[in-house]
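Remarks on the overall topology
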Amino acid sequence: MSAGDGNKTVYYEVKDVSENTIVVNDTIILQTSGPSVQITYPAPNQTVAGTVNITFTTNTNNSPEISIDGAAWTATGSNTSYLWNTTQWAEGTHTLQVRDSDAAANIGYSERIIVYVDNLAAVGELEAEPTIVKDGDSVELTYYGTETGLTVTVNTTPLSDSTSSISLTDADNNAVYEGNFVVNKTGDGSAVLVANVTDALGNSFYPNVTIILDNTLPNGSIFISNLGAVGFENISEEYTGQRSVMLNLNYSDLVSIDRCRYANEDLDWTAWESCSG
């Protein structure tokens, strides 16, 4: 047949011994080039998650098939798209390619594209400073993430008299998200603050931190021991003959005693120190 695609006619002439002739012919379409196939979504190097609607174009719409990571070809079930459940595939890099055939059994292939599957939220750690607070204290919250561009919102309602939350920001673009709030809560007990950490694809992670609420005053008592002369009667415990005295101290708290300090009648306090001496 002649060069070039298109309609081709082949003629056949038959002659008998009496010189009678007949010319017959048949026509066929010559098609040597395969279909044109192109993936239109997702774009090359795009990050995807969940169920992805892979779309493509083909100029034959005969029997398109898709291959993921070079695996066996699978019928797309549609002439324009294929639903890919990425949750059944590993996190990371994957390749996509679509092919189609025409009536002449020519096969056309799309370019193989690379995409990135990300169905897991970026994990990290939520911290608070301080972790033992009272009404009116300021608390610094820090989320140490593994990537930038996250949305970090902490529910602070357990330490507030009303529904409240705070958004932590990554001011230095280093995946460290910070913010602070003021405790507005009476009473005592443990409060668990939970953060909602969401990435650009909507994957969420929920770290938490426990803060102790302590609004109850500590208990304390002091007794000055009389170190007067031993053996004398009528020694009063209200008097002493020495400037140095022995102190009997008692202290307790619902959570923990931190430090103690002392003063004479002028209330010139010493520095804070361990209560146990």
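Placed above this text is the structure.
What comes next is a walk through the structure. None of the values given here were measured: they were computed from a predicted structure.

On to the packing of aromatic side chains, then. All chains considered together, the criterion is met by three aromatic pairs. Between Trp84 and Trp89, the aromatic rings sit 6.0 Å apart at their centres with planes inclined by 75°, giving edge-to-face as the arrangement. On the basis of relative accessible area, Trp84 is assigned to the buried category, the value being 2%.

This part covers the sheet that holds strand β12 (residues 125-129). One open sheet holds the three strands; their spatial order is β12-β14-β17, and the pairing between them is antiparallel. The sheet terminates laterally at β12 and β17 (176-182), the two strands that pair on one side only. Along the sheet, successive strands turn relative to each other by an average axial angle of 20°, direction set aside. Sheet topology note: the β12/strand β14 (residues 138-144) ladder contains five bridges and is antiparallel. Each bridged residue has a counterpart across the sheet, and for Ala128 the counterpart in β14 is Leu141.

Let us now look at the sheet that holds strand β3 (residues 37-41). Spatial strand order, β3-β5-β8: three strands in an open sheet with antiparallel pairing. Among the strands making up the open sheet, the edge pair consists of β3 and β8 (81-85). Taking each pair of neighbouring strands and ignoring which way they run, the sheet shows an average axis angle of 30°. Pairing of strand β5 (residues 51-58) with β8 involves five bridges; the strand directions are antiparallel. When the bridges of β8 are listed, Val52 appears paired with Trp84.

To continue, consider the pattern of salt bridges. When charged atoms on two side chains of opposite charge get close, those side chains can pair. The final tally for this structure, using the stated rule, is four salt bridges. For the salt bridge of Lys15 with Glu19, the shortest nitrogen-to-oxygen distance reads 3.4 Å. Residue classification places Lys15 among the exposed positions, given a relative accessible area of 53%. Here Glu19 falls in the exposed class, since its relative accessible area comes to 53%. Residues Asp137 and Lys134 are paired through a salt bridge, measuring 3.2 Å at the closest nitrogen-oxygen approach. On the basis of relative accessible area, Lys134 is assigned to the partly exposed category, the value being 44%.

To continue, consider the state of the cysteines. Enumeration over the complete set of coordinates arrives at one disulfide. Two residues share a disulfide in this structure: Cys260 and Cys275, whose sulfurs sit 1.7 Å from each other. Every disulfide takes its handedness from the sign of the S-S torsion; for Cys260 and Cys275 that torsion is 90°, giving right-handed. Here the residue Cys260 occupies a position in the segment after β22 (246-252), and Cys275 occupies one in the segment after β22, the gap between them amounting to 15 residues.

We now examine the environment of Ala271. With respect to the helices and strands, Ala271 occurs in the segment after β22. Residue Ala271 is classed as exposed on the basis of its relative accessible area, which comes to 60%. Measuring from C-alpha to C-alpha, the distance between Ala271 and Arg261 comes to 6.0 Å, with 10 residues separating the pair along the chain.

This part takes up the side chain of Gln97. Relative to the helices and strands, Gln97 is located in strand β9 (residues 92-101). You can call Gln97 buried: its relative accessible area is 11%. Discounting chain neighbours no more than four positions away, the residues touching Gln97 are Ile39, Glu65, Ile66, Ser67, Trp73, Tyr109, Ser110, Glu111 and Arg112.

Conventions and cut-offs
- Residues numbered from 1 in each chain as written.
- Predicted model: local features only at pLDDT ≥ 70, side-chain atom pairs only at ≥ 80, totals over all residues.
- Heavy atoms only, no water.
- Phe/Tyr/Trp six-rings, centres within 6.5 Å; stacked < 30°, edge-to-face > 60°.
- Buried < 20%, exposed > 50% of the residue type's maximum accessible area, 1.4 Å probe, protein only.
- Pairing = 2+ DSSP bridges.
- Helix = DSSP H or I, 4+ residues; strand = E, 2+ residues; numbered from the N terminus.
- Axes fitted to C-alpha atoms, helices over the stretch in contact; angles between N-to-C directions.
- Salt bridge = Lys/Arg side-chain N within 4 Å of Asp/Glu carboxyl O.
- Disulfide = S-S within 2.5 Å.
- Contact = heavy atoms within 4.5 Å.

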